Amino acid sequence: MDNVTQAQGWQRFAAMDLDSAEYLLKMHPVPIEIICYHCQQSAEKYLKGYLVLCGKNPPKIQDLDELCKLCAKLFDTFKNIADHCSDLTAYGVHSRYPMEMMLEEQDMQQALHNAKAIRDFVLAIAPEMVSEKQDKTQS
């Protein structure tokens with residue numbers, strides 16, 4: 001499988017995570033922690049997809065700061081989304097388990113904003129990550 005096809009697979013799963021986060025907004029009470037988790041997961045997959053697109057094997061880590069640094073070694077402007085990555089990193093582990101995380105609706109809204117900013121950034125520099133088939137279904 002070529003790099004573009006593999007990156008498109010990562011993008012599909014990243015999009016599903018973000019779609020899931022948005023769908024969960026309809027629940028009452030809103031599962032803030034799980035939405036934040038899906039936002040982190042989406043960002044992680046977009047970053048790993050970019051690494052795959054560039055021929056790199058993504059490490060099995062959830063640390064968005066580290067993944068962003070790896071991407072920045074390939075394309076310096078990834079530094080522009082470093083803050084978005086930092087804000088989401090903690091949600092990759094802490095929100096999956098019953099730990100003390102005092103998250104509020106504004107945290108969740110910021111997580112959604114950060115995840116979308118990362119998605120938009122990655123797809124702007126690597127539009128080939130969206131397959132033609134997927135592009136048609138989103139139109």
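Structural data are supplied above this passage.
Report on the accompanying structure. (Residues numbered from 1 in each chain as written. Predicted model: local features only at pLDDT ≥ 70, side-chain atom pairs only at ≥ 80, totals over all residues. Heavy atoms only, no water.)

Some remarks on the packing of helix α3 (residues 64-74) against helix α4 (residues 82-89)
Short version of the rule: Every angle, taken between N-to-C directions, lies between 0 and 180 degrees, and every axis is a line fitted to C-alpha atoms, over only the stretch in contact when it is a helix. Strands here are runs of E lasting at least two residues and helices are runs of H or I lasting at least four, both read from the DSSP assignment and numbered beginning at the N terminus. Throughout this description, any angle smaller than 35 degrees is read as roughly parallel, any larger than 145 degrees as roughly antiparallel, any in the 65 to 115 degree range as roughly perpendicular, and the remainder as oblique. Here, two residues are considered to be in contact whenever any of their heavy atoms come within 4.5 Å of each other.
Between α3 and α4, whose axes approach to 8 Å, the crossing angle comes to 155 degrees. The orientation of α3 relative to α4 falls into the category roughly antiparallel. Across the interface between the two elements, Leu 64, Asp 65 and Cys 68 from α3 touch Ala 82, Cys 85, Ser 86, Leu 88 and Thr 89 from α4.

A few points about the environment of Glu 44
Applicable threshold: A simple rule labels every residue: compare its accessible area, found with a 1.4 Å probe on the protein chains alone, to the largest value its type can have, and call it buried under 20%, exposed over 50%, or partly exposed in between.
The residue Glu 44 is located in helix α2 (residues 32-53) in this model. By relative accessible area, Glu 44 is classed as buried at 6%. A C-alpha to C-alpha distance of 9.3 Å links Glu 44 and Ile 118, two positions 74 residues apart in sequence. In contact with Glu 44, other than residues within four places in its own chain, are Ile 61, Gln 62, Leu 64 and Leu 67.

So, the packing of α2 against α4
Applied cut-off: The crossing is said to be left-handed when, going from far helix to near helix, the turn is anticlockwise and less than a right angle, and right-handed when the turn is clockwise. Here the term charged refers only to Asp, Glu, Lys and Arg, the term nonpolar to Ala, Val, Leu, Ile, Met, Phe, Trp, Tyr, Cys and Pro, and the term polar to all other amino acids, Gly among them.
Relative to each other, α2 and α4 sit at 135 degrees, their axes nearing to 9 Å. By the angle between their directions, the pair α2 and α4 is classed as oblique. Along this stretch, α2 crosses α4, giving a crossing that reads as left-handed. Residues Cys 39, Gln 40, Ala 43 and Leu 47 of α2 form the contact with α4, whose own contacting residues are Cys 85, Leu 88 and Thr 89. For the contact of α2 with α4, the class distribution of residues is 5 nonpolar, 2 polar and no charged.

Brief notes about the state of the cysteines
Here is the rule: When the sulfur atoms of two cysteines come within 2.5 Å, that pair is taken as a disulfide.
Applying the stated criterion across every chain yields a total of 0 disulfides. For Cys 68, which is in no disulfide, the shortest distance to another cysteine sulfur is to Cys 85 and amounts to 4.0 Å. In this structure Cys 68 comes out as buried when scored by relative accessible area, which is 4%.

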